[in-house]
Amino acid sequence: MMEGSKMKICSSASTRLLWIMVPLILVSIFFAFGNSNNSTSLFSSSSWLFGSGKNNSDGGQPELVAAVAVNGGADREEAILEDYSFNSSSISNSFSPLTAEANEESEEAVQENQQPVIIESNESFNISLEKPQELSSVINETHAPPIEPKIKKKFSNLEKLEVQLGKARAAIKESATSGNETDDPDYVPSGPMYWNDKAFHRSYLEMEKQFKVFVYEEGEQPIFHNGPCKSIYAMEGTFIYQMETTKFRTRDPEKAQVFFLPISVTAIVHFIYDRNSKEHWNPMKQMLTDYINLVSGKYPYWNRSQGADHFMLACHDWGPELSKAVPDLYKNSIRALCNANTSEGFKPSKDVSFPEILLPGGTMNGLIGGPSPSRRSILAFFAGGLHGPIRPILLEHWENKDEDIQVHRYLPKGVSYYGMLRNSKFCLCPSGYEVASPRMVEALYTGCVPVLLKDHYVPPFSDVLNWKSFSVEVPVEQIPNLKKILSGISTRQYIRLQRRGKQVRRHFEVNMTPKRYDVFHMILHSVWLRRLNMRLHGLEYL
């Protein structure tokens, strides 16, 4: 009995031990083989938090987009952006998990401390920067906060230039509205001669700080890189020479905001024009076309902007017509023209009007200055040939008919032209065949108030200068009433007009070595303004 009893007790104990051991063995086997395949899904919450294996509502990944705002402030010059945002079309207000593949890549990037990939939008200059949307509350509050990466975007040289131009626009706008003056050791523009003197001053200083021009080296003299220096078209040669030697020139086209075409229209006319040919325009226009084809084939810059950031300069009357040889040159490029005639396609918003200046000796020596208003005995003066539609009207009414209005086709022998200018209060400046004339600058040089008798003319630098504050504009139909109009200007008014003319004269002076605010810099400034207002093809702006 005792043995039988012992056997039962042992059997019962062994059974109980077996029931205890078997589960332990099974659990050990389960952990040994099952855990190696399923450890992430069982014990890692991150894949569930950031991805359930379901696709996004639109099947795509949210995009990280870097942007720079150009309009107004352009406060971010650096290419490091500290804010980022998800594309609203890819992630809704409610939490929508990313794909599992995207999540794994995201985790690896964070774990390896790598920068996320940036997918650039086409609207690279027109995207606001916002904080990412909050994730759903299903994320464990004890989870480490997400790291906001610094997203580095590689900007092109052109984009960097646009950022700088945006900063210049903002500075000019701020000066125009704040009224704060900027110190300048040489000259501070002030007075009603300027539409906005403070905006002009700030714009000029910004130009000095960053404006760069690339001059194409292609082309040979005498047609290119050359021009007259002593005729009424002398500004062509003077500007080309000074442009090629100025500090504003850059030899690196990637640093240039504009590109200069060093073509002399006067030289084209002089060397190529055939007055005996019925097709005299064709060879001249072909020369211009061939040059544009040359530089556009060798460099990418003309085609990049369709010529919009290129400029030519012509003082010859035929400049506007020859520019039509290349449609993009006529339509898009900045054309700096003496013959600024709106009826012949001149566009003040795009083109630049600059003065026709005659320097008989090649310099201003002996041309500047004149007596005070009280010592000027002649009310108004003009001497010049009979050509164009306006001069015949002027001569018909006033030639040799009034001592106060001295109008001559030819001056009497021994009478000095510049002497007459200095003895006159008003100097008449009628158009000839073309609207441009050196008489306006001759008047300013000698202290005589210019009287503009022109139609469809845009005066030089009128984007900055208010010509009505230092000159008189008389409609052509009012030429018969010329004496009445000029006599009606009081002495006080006249003195103001003359004093302002003397102040703005610096903007029309030609210096062999250019000086700040002179005519060379004013032409450049007008080009600079057009470039500031330009919107290049393919770039978007806020």
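A few points on the structure. Nothing here was measured: the structure is a model prediction, and the numbers come from that model.

1. Observations regarding the overall build of the chain
Line of reasoning, step 1. A tally of helices and strands in the chain yields 17 helices and 12 strands.
Line of reasoning, step 2. Taking all 542 residues of the chain together, 46% fall into the buried category.
Line of reasoning, step 3. Counting contacts in the chain only where the partners sit at least 6 residues apart, residues at least 24 apart contribute 74% of the total.
Line of reasoning, step 4. When the accessible surface of the chain is totalled, it reaches about 28,200 Å², and 52% of it is carbon and sulfur.

2. Concerning the pairing of strand β10 (residues 424-430)
Line of reasoning, step 1. Across the seven residues that make up β10, a large majority, six, are buried.
Line of reasoning, step 2. By the bridge criterion, three bridges tie strand β8 (residues 378-383) to β10 in an arrangement that is parallel. Bridging from a neighbouring strand, A380 pairs with F426 of β10.

3. Remarks on the packing of helix α4 (residues 157-178) against helix α5 (residues 197-210)
Line of reasoning, step 1. Running from N to C, α4 and α5 point in directions that differ by 155°, and their axes come no closer than 8 Å. Between α4 and α5, the angle is such that the two are roughly antiparallel. Taken as a pair, α4 and α5 cross one another with a handedness that is right-handed. Across from Q164, L165, A168, A171, I172, S175 and A176 in α4, the residues of α5 making contact are K198, A199, R202, S203, E206 and Q210.
Line of reasoning, step 2. Partitioned by chemical class, the residues of the contact of α4 with α5 number six nonpolar, four polar and three charged.

4. Quick word on the sheet that holds strand β6 (residues 334-337)
The strands that make up a sheet pair up through hydrogen bonds in the backbone, lying either parallel or antiparallel.
Line of reasoning, step 1. A sheet is described by the order of its strands in space; here five strands give the open sequence β3-β4-β5-β6-β7, paired in parallel fashion. Looking at the sheet topology across the chains shown, the edges are occupied by β3 (213-215) and β7 (352-353).
Line of reasoning, step 2. Sheet analysis places β3 next to strand β4 (residues 258-260), joined by three bridges and oriented parallel. Within β4, the residue paired with F214 across the bridge is F259.

5. Comments concerning the state of the cysteines
Line of reasoning, step 1. One pass over the structure, following the stated rule, counts two disulfides.
Line of reasoning, step 2. Between the sulfur of C315 and that of C338 lies a disulfide, 2.1 Å long from S to S. Disulfide C315-C338: torsion about the S-S bond near -85°, hence left-handed. One end of the pair, C315, is in the loop between β5 (310-314) and α10 (319-323); the other, C338, is in the loop between β6 and β7, and 23 residues separate them in sequence.
Line of reasoning, step 3. Linked covalently through their sulfurs, C427 and C448 form a disulfide whose S-S length is 2.1 Å. Residues C427 and C448 are joined by a disulfide whose S-S torsion is about 115°; by sign, that bridge is right-handed. Note that C427 is positioned in strand β10 and C448 in the loop between α14 (439-445) and β11 (449-453), a separation of 21 residues in sequence. Residue C427 shares its accessibility class with C448, and that shared class is buried.
Line of reasoning, step 4. Look at the chain and number its bonded cysteines as they come in the sequence; the links are 1-2, 3-4.
Line of reasoning, step 5. You can see C429 has no disulfide; the closest cysteine sulfur is in C427, sitting 6.6 Å from it.
Line of reasoning, step 6. Judged by relative accessible area, C429 falls into the buried class, the value being 0%.

6. Observations concerning α4
Line of reasoning, step 1. Over its 22 residues, α4 runs 32 Å from end to end, which matches the ideal 32 Å to within 8%, given 1.5 Å per residue.
Line of reasoning, step 2. All buried positions along α4 are accounted for by L158, E159, L161, E162, V163, L165, G166, A168, R169, A170, I172 and S175.
Line of reasoning, step 3. Tucked into the core, α4 has its buried residues touching α5, α9 (301-305) and α17 (519-532).

7. Things to note about the environment of A325
Line of reasoning, step 1. The topology assignment puts A325 in the loop between α10 and α11 (327-331).
Line of reasoning, step 2. Its relative accessible area of 21% is what places A325 among the partly exposed residues.
Line of reasoning, step 3. Along the sequence, A325 and M287 sit 38 residues apart, while their C-alpha atoms lie 9.1 Å from each other.
Line of reasoning, step 4. If sequence neighbours within four positions are ignored, A325 has contacts with K285 and T289.

8. Digging into unusual backbone geometry
Line of reasoning, step 1. Residue P222 is reached from Q221 by a cis peptide bond, and omega for that bond is 10°.
Line of reasoning, step 2. With respect to the helices and strands, the residue P222 is situated in the loop between β3 and α6 (234-245).
Line of reasoning, step 3. Positive phi outside glycine occurs at Y517, with the angle close to 70°.
Line of reasoning, step 4. Position of Y517 among the secondary structure elements: in the loop between α16 (491-504) and α17.

Definitions and limits used
Residues numbered from 1 in each chain as written. Predicted model: local features only at pLDDT ≥ 70, side-chain atom pairs only at ≥ 80, totals over all residues. Heavy atoms only, no water. Helix = DSSP H or I, 4+ residues; strand = E, 2+ residues; numbered from the N terminus. Buried < 20%, exposed > 50% of the residue type's maximum accessible area, 1.4 Å probe, protein only. Contact = heavy atoms within 4.5 Å. Areas by Shrake-Rupley, 256 points an atom, 1.4 Å probe, with all protein chains shown as cover. Pairing = 2+ DSSP bridges. Axes fitted to C-alpha atoms, helices over the stretch in contact; angles between N-to-C directions. Parallel < 35°, antiparallel > 145°, perpendicular 65-115°, else oblique. Left-handed = near helix turned anticlockwise from the far one by under 90°. Nonpolar A, V, L, I, M, F, W, Y, C, P; charged D, E, K, R; others polar. Disulfide = S-S within 2.5 Å. Expected span 1.5 Å × (residues − 1).

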